[in-house]
Amino acid sequence: MFYTSTRDKSLRVTSSEAITKGISDEGGLFVPCEIPALGLSDIEAMIPMSYRERAKKILSLYLTDFTPEEIDYCVDGAYAEGKFDSEKVAPLVNLKGEANILELFRGPTCAFKDMALQLLPYLLTTASKRAAPDKETVILVATSGDTGKAALEGFKDVPHTRILVFYPVEGVSAMQKRQMQTQEGANVGVCAIKGNFDDAQTGVKKIFTDKAVAAKLAENGMIFSSANSINWGRLVPQVVYYCSAYCDMVEQGRIALGDQINVVVPTGNFGNILAAYYAKQMGIPIKTLICASNSNNVLTDFLTTGTYDRNRKFYTTTSPSMDILISSNLERLLFHLSVNDDAEIREYMDSLSKTGKYTVSDDIFEAIRADFKAGFATEEEDAAAIKVSFDLGYLPDTHTAVAIEVYKKLADGTPTVIAATASPYKFPKAVLAAILGEAPQIDEFDMSDELSKVTGTKIPAPLAGLRDRQVRFDSVSEISEMEQRVYDMLGI
Ligand SMILES: *Cc1c(COP(=O)(O)O)cnc(C)c1O
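What counts and what doesn't
- Residues numbered from 1 in each chain as written.
- Predicted model: local features only at pLDDT ≥ 70, side-chain atom pairs only at ≥ 80, totals over all residues.
- Heavy atoms only, no water.
- Helix = DSSP H or I, 4+ residues; strand = E, 2+ residues; numbered from the N terminus.
- Contact = heavy atoms within 4.5 Å.
- Polar contact = N/O pair within 3.5 Å; in protein donor to acceptor, adjacent residues only side chain to side chain.
- Axes fitted to C-alpha atoms, helices over the stretch in contact; angles between N-to-C directions.
- Parallel < 35°, antiparallel > 145°, perpendicular 65-115°, else oblique.
- Left-handed = near helix turned anticlockwise from the far one by under 90°.
- Nonpolar A, V, L, I, M, F, W, Y, C, P; charged D, E, K, R; others polar.
- Near = heavy atom within 4 Å.
- Areas by Shrake-Rupley, 256 points an atom, 1.4 Å probe, with all protein chains shown as cover.
- Expected span 1.5 Å × (residues − 1).
- Buried < 20%, exposed > 50% of the residue type's maximum accessible area, 1.4 Å probe, protein only.

Asks: Where do I start with the environment of glutamate 331 in this structure?
Replies: Tracing the sequence through the fold places glutamate 331 in helix 14 (residues 330-337). Discounting chain neighbours no more than four positions away, the residues touching glutamate 331 are Thr6, Arg7, Gly28, Leu29, Ile345 and Met349. Within the structure, the side chain of glutamate 331 is placed 2.7 Å from the side chain of threonine 6, a separation counted as a polar contact.

Okay, structure coming up:
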């Protein structure tokens, strides 16, 4: 099986090359030339399997240049016992006969990014052993919070890798900052910068594409790679949990094998919901993919009108991981729906970068309407959804609550799986405010204790000891010093 680029369909690369490179040279994203098929008998065979076994089955269909031993090594390492605080890895919880919540936040950083970022380091090191043997891979990340921590946890102490994370000193929550400052591992580095997230991101991109920096790394046997969400190696692990959730729906007796389900996904960069689209294309009986947005509802408008327009007000919300106006992974969907028309995709993306908008063809819009529905939740609706859901027995985080609210607006009677993307304890202030009507005036660490007291739920272990953990990284740098910080951290 080969991969091509959304902006040059003549290209053919292996999955190892796609994962090692991250993005295609002409700026396109790697996509599978054909989406592998799963029949009902394949799905049936997966029902008695563990999460790890299901993952091996799905990954082997996409990563055809990996040996079975390599797939075993990657999956067994990523989802090893004890890494996720549920033996099901991504458990499915029933909301009193209503929808089903697919908990994707049971990993070491309590956000759904762990599902992919625990596996990516294994995929990347296995792939680059072929593509770039004997090199040490250096991962640079600019983060606004969740991705940086999840990448650090994923890459910590993975042989032949180094990971360096830059974050805006005033741009992350107290909880997120402490999570990164206390990161363990011999191959990790964390640095705050005096600037905002865009400054961090621009600085990282500059270092990443600077030929002189690359030459200096090469002298020391190192190469850069990316843990960015457009890497195919972050998408393919996400396809697994939608297949797994369908198996669990059957196993729990919520549906019969072959029945259709709907899936609701709280969406930002369009990665998570795109994974559900791949699961549907493979043959998992999914009727409708429901895209849930917060007040930054550019995707709601796009999926219901066919016009993508990022020229709008940007809102800072209580679901920050969905505060995005350019959803990069949408490009992959458009490529598939255009039936691999790379010229058409280049046109849309060109228009997006020049004017901030584009309108898709009637054919693409028809195809979108056949598979997708979309809605959004305001901040007030989000808070109300947290309260109502808690009163019914389930405490969601702010992102998951967006999906619960949109589910309520668009439910059509089909059994439904709602993706839950973070622990409520990652956003204790907003969750507490939703439940109490206002947040108490206490520091963010005390908020967790308070939330636990008020709701009778437990603080997840990775967040519980945070306040008392040893701070390892507390330096703050000027933006202009980022390149030097990279050399310092790498010791070159
Ligand atoms: C990243 C993230 C999202 C958005 O996922 P996309 O794949 O970017 O659409 C939603 N919720 C949480 C908690 C996240 O960290």
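Asks: Looking at this structure, I do not really get the packing of helix 7 (residues 146-155) against helix 8 (residues 174-181). What am I missing?
Replies: Following both chains from N to C, one finds helix 7 and helix 8 inclined at 25°, their axes separated by 10 Å at the closest point. Regarding the angle of helix 7 to helix 8, the classification is roughly parallel. Crossing of helix 7 over helix 8 shows left-handed handedness. Across from Asp146, Gly148, Lys149 and Leu152 in helix 7, the residues of helix 8 making contact are Gln176, Gln179 and Met180. The residue inventory of the contact of helix 7 with helix 8, partitioned by class, reads two nonpolar, three polar and two charged.

Asks: Looking at this structure, how should I read the site of the ligand?
Replies: Around the ligand sit 15 residues, and of these Lys113, Gly268, Asn269, Asn272 and Thr421 come closest. A distance of 2.7 Å is found between an oxygen atom of the ligand and a backbone nitrogen or oxygen belonging to glycine 268. The contact in question runs from an oxygen atom of the ligand to an N or O atom on the side chain of serine 321, over 3.4 Å. Here the ligand has 390 Å² of accessible area as a free molecule, and 95% of this is covered by the chains. Residues that form the shell around the ligand fall into these classes: five nonpolar, eight polar and two charged.

Asks: When you look at helix 6 (residues 120-131) in this model, what are you seeing that I'm missing?
Replies: Residues lying three or four places apart along an α-helix face the same way, a consequence of the helix completing one turn every 3.6 residues. When the terminal C-alpha atoms of helix 6 are compared, their 16 Å separation across twelve residues agrees well with the 16 Å that a helix rising 1.5 Å per residue should span. Counting buried residues in helix 6 gives nine out of twelve residues, a clear majority hidden from the surface. Within the span of helix 6, buried status applies to Leu120, Pro121, Tyr122, Leu123, Leu124, Thr125, Thr126, Ala127 and Ser128.

It is worth stressing that arrangement in space is one thing and function is another; only the former is reported here.
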